Amino acid sequence: MTDDVLLRVSDLQIRFQSPTGTVQAVNGISYQVRRGEVMGLVGESGSGKSVSAYALMGLLPKTARIVSGSARFGERDLLKLSEKEMQNLRGREIGMIFQDPMSSIDPVFRIGDLLSEVIRSHEPGVRKKQAWAQSVDMLRSMGIREAEHVARSYQSALSGGMRQRVMIAAALLLRPKLLIADEPTTALDVTIQDQIIHLLREERAKSGMSILFITHNFGLVADFCDRVTVMYGGHIMESGSVDDIFYRTAHPYTEALLQAVPSMDPGASEPLKTIDGQPVNPAQLPAGCVFSPRCPRCQAVCLAKQPPETDLGGGHTASCWMLTKGGRGACVHP
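In what follows, the accompanying structure is described. Because the structure is predicted, anything quoted here is derived from the model rather than measured. (Residues numbered from 1 in each chain as written. Predicted model: local features only at pLDDT ≥ 70, side-chain atom pairs only at ≥ 80, totals over all residues. Heavy atoms only, no water.)

### Section: the packing of aromatic side chains
Under the definition given, this model contains 6 aromatic pairs. Taking the centre distance of 6.1 Å and the plane angle of 25° together, the rings of Y54 and F98 count as stacked. Here Y54, found in helix α1 (residues 49–56), pairs with F98, found in the loop between β6 (94–97) and α3 (101–104); they are 44 residues apart in sequence, far enough to count as distant. Its relative accessible area of 25% is what places Y54 among the partly exposed residues. Arranged with centres 5.4 Å apart and planes meeting at 85°, the rings of Y232 and F291 form a pair that is edge-to-face. Linking Y232 in strand β9 (residues 227–232) with F291 in the loop between α11 (252–259) and α12 (300–304), this pair joins segments that are 59 residues apart in sequence. For the pair Y232 and F291, a shared accessibility class is recorded, and that class is buried. One aromatic cluster is present, built from ring pairs that chain together Y232, Y253 and F291. (Phe/Tyr/Trp six-rings, centres within 6.5 Å; stacked < 30°, edge-to-face > 60°. Helix = DSSP H or I, 4+ residues; strand = E, 2+ residues; numbered from the N terminus. Buried < 20%, exposed > 50% of the residue type's maximum accessible area, 1.4 Å probe, protein only.)

This is the structure in structure tokens:
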């Protein structure tokens, strides 16, 4: 592992057993997160983004099975750690912001007590009053003016934006090396979204932490991320820098996602484009490319075999038959 790579995920495959059969949630994905960078993991709901993140944290449900793969974090493989080892790692070295703060914050405890417990669980020598003071300071650094009052409150008394700030505070209390942010701005208005991204950007600048930013919002990706990995049907469709993804798009799925982003230009006259068809069923994946049933450029080979990953140079890769020697050139932009 090179010194600048903090997390390297290789050939990760995750399956779920359901009454109707095997659900192929994640299908051999590989990506890396470098030290100090923000890597965006994007795609439609059900593409496998969050499942792969929960695997890194050791939080998959009992119905899940990791078929293969590794997730090297420094010298350790996260997928092989015991529960006790993962407990020591969570919070201290890897923090996570969950999608729904309402269900992630215990409603029967005060916010300050919850944050204090995060500190004392990893640092038993810290006294309760000291942990409380550190918790209040962290809430204050999240832009919460009445931090002491919020610390003495329960989550039911807080707004959605305030709950999300509390979640971020909990994830950053111990200054982790890696922060996994799973849809951290979902259901928040654009003003609060901007404030949350500003907070994450500030913390990244202070500590140099890496961020795995899971989202379906391409506007946030363009504003916040350094590199992007695009997922669909548990597969990686395309990966590259933000400029690669936005200006040198190479996969029809990435192109379709970008075209589905509403334009902010008041003079724009073209109607909003949508992706035809329905997202692929992970319990019934097609034999070929997972995007082939919805792809406007689908060929016979796309229905028969999965495409190989093509190296487009400069760390830009995509998996599409039209990028191979037997294809007809780049799918979107040459």
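### Concerning the pairing of strand β8 (residues 210–215)
In terms of burial, β8 is largely enclosed, as 6 of its 6 residues are buried. Where burial is concerned, the two faces of β8 agree: the one with S210, L212 and I214 and the one with I211, F213 and T215 are both buried. Relative to β8, strand β3 (residues 38–42) runs parallel, the two being bridged by 5 bridges. Of the residues in β8, the one forming a bridge with V38 is I211. In this structure, strand β7 (residues 178–182) lies alongside β8, joined through 5 bridges in parallel fashion. If you follow L179 over to β8, its bridge partner there is I211. (Pairing = 2+ DSSP bridges.)

### Details of empty space enclosed by the protein
Over the atoms, a rolling probe the size of a water molecule traces out where space has been left empty. The tally for this structure, following the rule as stated, stands at 2 cavities of 30 Å³ or more. Computed from the structure, the largest cavity encloses a volume of approximately 90 Å³. Looking at the largest cavity, it is lined by 15 residues, and the ones nearest its centre are P252, C289, C295, C302 and C320. When grouped by side-chain class, the residues that make up the lining of the largest cavity number 11 nonpolar, 3 polar and 1 charged. (1 Å grid on protein atoms, 1.4 Å probe; cavity = no way out; pocket = protein on both sides within 12 Å on 5 of 7 lines; lining within 4 Å. Points joined across faces, edges and corners; volume = space filled by probe spheres on them. Nonpolar A, V, L, I, M, F, W, Y, C, P; charged D, E, K, R; others polar.)

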